[in-house]
Amino acid sequence: MAKYEQIADALRQSIRAGELGPGERLPAEDKLAQQYRTSVPTLQRALAELATEGLIDKRHGVGTFVRTPRQRVERNNDRHQWEKDRARRPQTERLKTGSTEHDTGLEVTDLTFHAEYREAKADEDLAAVFGVPVGTRLLERIYRTNSRDEDAPFALVHSYLVHDMVAANPDLLDHTNEPWPGGTQNQLYTIGIELDRIEERITARPPTVEEAEELGLKKGVSVILLRKICTDINDRVVEVSDVTLSGDRTELVFTTPLKRW
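Just so we're clear, the structure is a prediction, and the values are computed from it rather than from any experiment.

Taken together, the 6 strands give an open sheet; going across it, the order is β4-β5-β6-β9-β8-β7, and neighbouring strands pair in antiparallel fashion. Only two strands of the sheet have a single partner each, and these edge strands are β4 (111-121) and β7 (195-205). Averaged over neighbouring strand pairs, the angle between their axes works out to 15° when direction is ignored. Sheet topology places strand β8 (residues 223-232) next to strand β9 (residues 237-246); 9 bridges connect them, and they run antiparallel. Residue pairing in the sheet places K228 in a bridge with S241 of β9.

See below:
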């Protein structure tokens, strides 16, 4: 094992054992180099390894700190039935919590939320999924939610609805009504739509420069791409969402009940 790898491993173990706690400042690089009897460039290479792993943050002109773990997100497939169950409940109850709170365990007051609505036209991809002609007018909804203690959102969400379908309730075209109590399933309920099933397709890849910046990703962290396709009881696709998730904070949990013999 190379010297820089030995140093990185020693520091890694100290962080994982709690000997170096979240937010704690590491000694200056020259001090650490003396401690590990190595050169500053070798020490810097070890620190670069830990920064890539997301264990430390180097702040220019300030120092190197043990990184505070980001808020974890557990996204499981029970959430969809949970959302459907609450879609018809009183508004006072729907106001108390939402899907992000469900996935993170945080409270409404712990979060900041941003929504942007704009018109879009169905490209070949979305037209094929919705079963509509290319160019069909869509309502694109862009969502960002983050913990008040963090700058980066939990995910980048682009949700698409067929414009003429949701226009039956003008309130659904107004972004100032967000966050909508009960989310999309309640919005659809207001125009007489009940979901029958939700399909989620998942892939992963390196982030774009823009995604890495917006999600606050360290070098080497991938993004998880989730496409959610919602189909109603009349076998009609009524919503498509493209969700970009941070690979270092998101756990996808799928539980599949099996029929007994």
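Structure shown, so let's carry the discussion forward.
A cis geometry characterises the amide bond from E178 onward to P179, with omega recorded as -5°. Along the chain, P179 falls in the loop between α8 (163-166) and α9 (183-189). Located in the positive-phi region is R37, a residue other than glycine, with phi close to 50°. One can find R37 in the loop between α2 (29-35) and α3 (40-52). Non-glycine residue D235 carries a positive phi angle of around 65°.

Now for the pattern of salt bridges. In total, this model carries 25 salt bridges according to the counting rule given. Between K58 and E29 there is a salt bridge whose closest N-O contact spans 2.9 Å. Remark: E29 occurs in helix α2 and K58 occurs in strand β1 (residues 56-59); sequence separation between them is 29 residues. Relative accessible area serves as the criterion here: at 44%, K58 is assigned to the partly exposed category. The partner of E116 in a salt bridge is R118, and the shortest N-O contact between them spans 3.9 Å. Exposure remark for R118: the relative accessible area of 40% places this residue in the partly exposed category. Counted as one network, the salt bridges with shared partners bring together D57, R67, R70, K218 and D248.

Definitions and limits used
- Residues numbered from 1 in each chain as written.
- Predicted model: local features only at pLDDT ≥ 70, side-chain atom pairs only at ≥ 80, totals over all residues.
- Heavy atoms only, no water.
- Pairing = 2+ DSSP bridges.
- Helix = DSSP H or I, 4+ residues; strand = E, 2+ residues; numbered from the N terminus.
- Axes fitted to C-alpha atoms, helices over the stretch in contact; angles between N-to-C directions.
- Salt bridge = Lys/Arg side-chain N within 4 Å of Asp/Glu carboxyl O.
- Buried < 20%, exposed > 50% of the residue type's maximum accessible area, 1.4 Å probe, protein only.

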